[in-house]
Amino acid sequence: MNRKTKRALKKKMGPDAADRLANQVALFSKLPEACSSCTKEFDNKDVEMIKTWKVVVRQDKVRLFCPGCIDKAKEAIDGSI
Ligand SMILES: [Zn+2]
């Protein structure tokens, strides 16, 4: 994200939200290109995907889960209780 875009975002969303988004974009640019569970392809330029996919960072490993796998994980957790 270049400086001009960041400034425009800050004006539009407020400095905190723009920083959060910039951090998220930076994080997502280092991500795997697919879901770590079902290998569904992830497009790191798709804002909808960035908002709905879940990133799990454990030590140096970045793992990525699509909405479908997040739901499955939730079901598995609910089922075990
Ligand atoms: Zn998945």
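Residues numbered from 1 in each chain as written. Predicted model: local features only at pLDDT ≥ 70, side-chain atom pairs only at ≥ 80, totals over all residues. Heavy atoms only, no water.

**Focus on the coordination of the zinc ion**
Here is step 1 of the chain: Taken together, the protein donors to the zinc ion comprise Cys35 (SG), Cys38 (SG), Cys66 (SG) and Cys69 (SG), at separations of 2.3 Å.
Here is step 2 of the chain: Between the four donor atoms coordinating the zinc ion, the angles at the centre fall across 105 to 116 degrees, so the site counts as tetrahedral. (Donors = N, O, S within 2.8 Å, 3.2 Å for Na, K, Ca; no water. Tetrahedral: all angles 85-135°; square planar, octahedral: opposite > 155°, others 65-115°.)

**Examining the domain arrangement of the chain**
Here is step 1 of the chain: Under the domain assignment, the chain is made up of domain 1 (1-30) and domain 2 (32-81).
Here is step 2 of the chain: Each of domain 1 and domain 2 has a C-alpha centre, and these two points are 22 Å apart. (Domains from an automatic or database assignment.)

**A closer look at the environment of Met49**
Here is step 1 of the chain: Tracing the backbone through its elements, the reader meets Met49 in helix H3 (residues 47-52).
Here is step 2 of the chain: On the basis of relative accessible area, Met49 is assigned to the buried category, the value being 17%.
Here is step 3 of the chain: In this structure, Met49 is in contact with Glu41, Phe42 and Asp43, ignoring residues within four places of it in sequence. (Helix = DSSP H or I, 4+ residues; strand = E, 2+ residues; numbered from the N terminus. Buried < 20%, exposed > 50% of the residue type's maximum accessible area, 1.4 Å probe, protein only. Contact = heavy atoms within 4.5 Å.)

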